[in-house]
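Spelled out from the first residue to the last, the chains are:
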Amino acid sequence: VPGFEMKIGSLFSGIGGIELGLESFGLGQVIWQAESDPYARGVLARHWPGVRIYNDVKDIDESTTRPDIVCGGFPCTDISNAGKREGIDGEHSGLWREFARIIRVLRPRYVFIENVAALLARGIDRVLGDLAACGYDATWDVFRASDVGAPHRRERLFILAHAAIVGHERPGIARRWRDGSANG
């Protein structure tokens, strides 16, 4: 959409897949990223030269440039069926708390979250509840890699949240994309 460009802040950036997708659709420009892995930070620096890269999400605070959208996929290690299955309070996946803190501090217009589909059983209530407590409505669903032509299933959960409209009758509404059912 010409003229519709947002400032993008990315958490748990990895090698920048979400940012690449947002930029390729002309939705915005990355203004900062946060990634702890040195190799991944090197990839980010090559693809987004001059963009600020935080080594730790805990370094992001009220002095950080406010983006229009915060995106990211917080660690799934404790949520994934291939992982420890401890849930969102596990050592790594518990970093969701930092994601939620950053949303509260920076108040972006939009939040875009990606994670494994197992989050539906091991933490979606916390994520949607935290988003609602921060004043965001959310829409979510699970998509398979095969939905876009890949030869494997690999299910991923995507959540798109937006700041609730003032005067909205039911702030904190969470809806599944495809069936429109509400959990809020």
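Attention here is on the structure that accompanies the text. (Residues numbered from 1 in each chain as written. Predicted model: local features only at pLDDT ≥ 70, side-chain atom pairs only at ≥ 80, totals over all residues. Heavy atoms only, no water.)

With respect to the overall build of the protein chain
Step number 1: Of regular secondary structure, the protein chain possesses four helices and eight strands.
Step number 2: Residues classed as buried in the protein chain amount to 44% of the 184 residues present.
Step number 3: Considering only contacts in the protein chain between residues 6 or more positions apart, those separated by 24 or more positions represent 61%. (Helix = DSSP H or I, 4+ residues; strand = E, 2+ residues; numbered from the N terminus. Buried < 20%, exposed > 50% of the residue type's maximum accessible area, 1.4 Å probe, protein only. Contact = heavy atoms within 4.5 Å.)

Thoughts on helix α2 (residues 38–47)
Step number 1: A40, R41, V43 and L44 are the residues of α2 that are buried. An end-on view of α2 places all buried positions within 160° of arc, on one side of the element. Structural note: α2 exposes P38, Y39 and R46 on the side pointing more than 90 degrees away from its buried face.
Step number 2: On its buried side, α2 packs onto α1 (17–24), β2 (28–34) and β3 (52–54).
Step number 3: Here α2 starts with a cap whose side-chain oxygen sits 3.2 Å from the backbone nitrogen of Y39, and that cap is D37. (Arc of directions from axis to C-beta. Polar contact = N/O pair within 3.5 Å; in protein donor to acceptor, adjacent residues only side chain to side chain.)

Topic: the packing of aromatic side chains
Step number 1: In the structure shown here, the tally under the stated rule is seven aromatic pairs.
Step number 2: Taking 6.0 Å as the distance between ring centres and 90° as the angle between the ring planes, the aromatic pair formed by W32 and Y54 counts as edge-to-face. Residue W32 is located in strand β2, and its partner Y54 is located in strand β3; the two are separated by 22 residues in the primary sequence.
Step number 3: Since its relative accessible area comes to 7%, Y54 is described here as buried.
Step number 4: Ring plane angle 20° and centroid distance 5.8 Å describe the contact between F112 and F158, whose orientation is recorded as stacked. (Phe/Tyr/Trp six-rings, centres within 6.5 Å; stacked < 30°, edge-to-face > 60°.)

Section: the packing of helix α3 (residues 96–106) against helix α4 (residues 124–133)
Step number 1: Interaxial distance between α3 and α4 falls to 10 Å at its minimum, and their mutual angle equals 15°. What the angle tells us is that α3 and α4 run roughly parallel. In this structure, the crossing between α3 and α4 has a hand that is right-handed. Taken together, the residues of α4 that come into contact with α3 (itself represented by W96, A100 and I103) are R126, V127, D130 and L131.
Step number 2: Residue composition of the contact of α3 with α4, by class: five nonpolar, no polar and two charged. (Axes fitted to C-alpha atoms, helices over the stretch in contact; angles between N-to-C directions. Parallel < 35°, antiparallel > 145°, perpendicular 65-115°, else oblique. Left-handed = near helix turned anticlockwise from the far one by under 90°. Nonpolar A, V, L, I, M, F, W, Y, C, P; charged D, E, K, R; others polar.)

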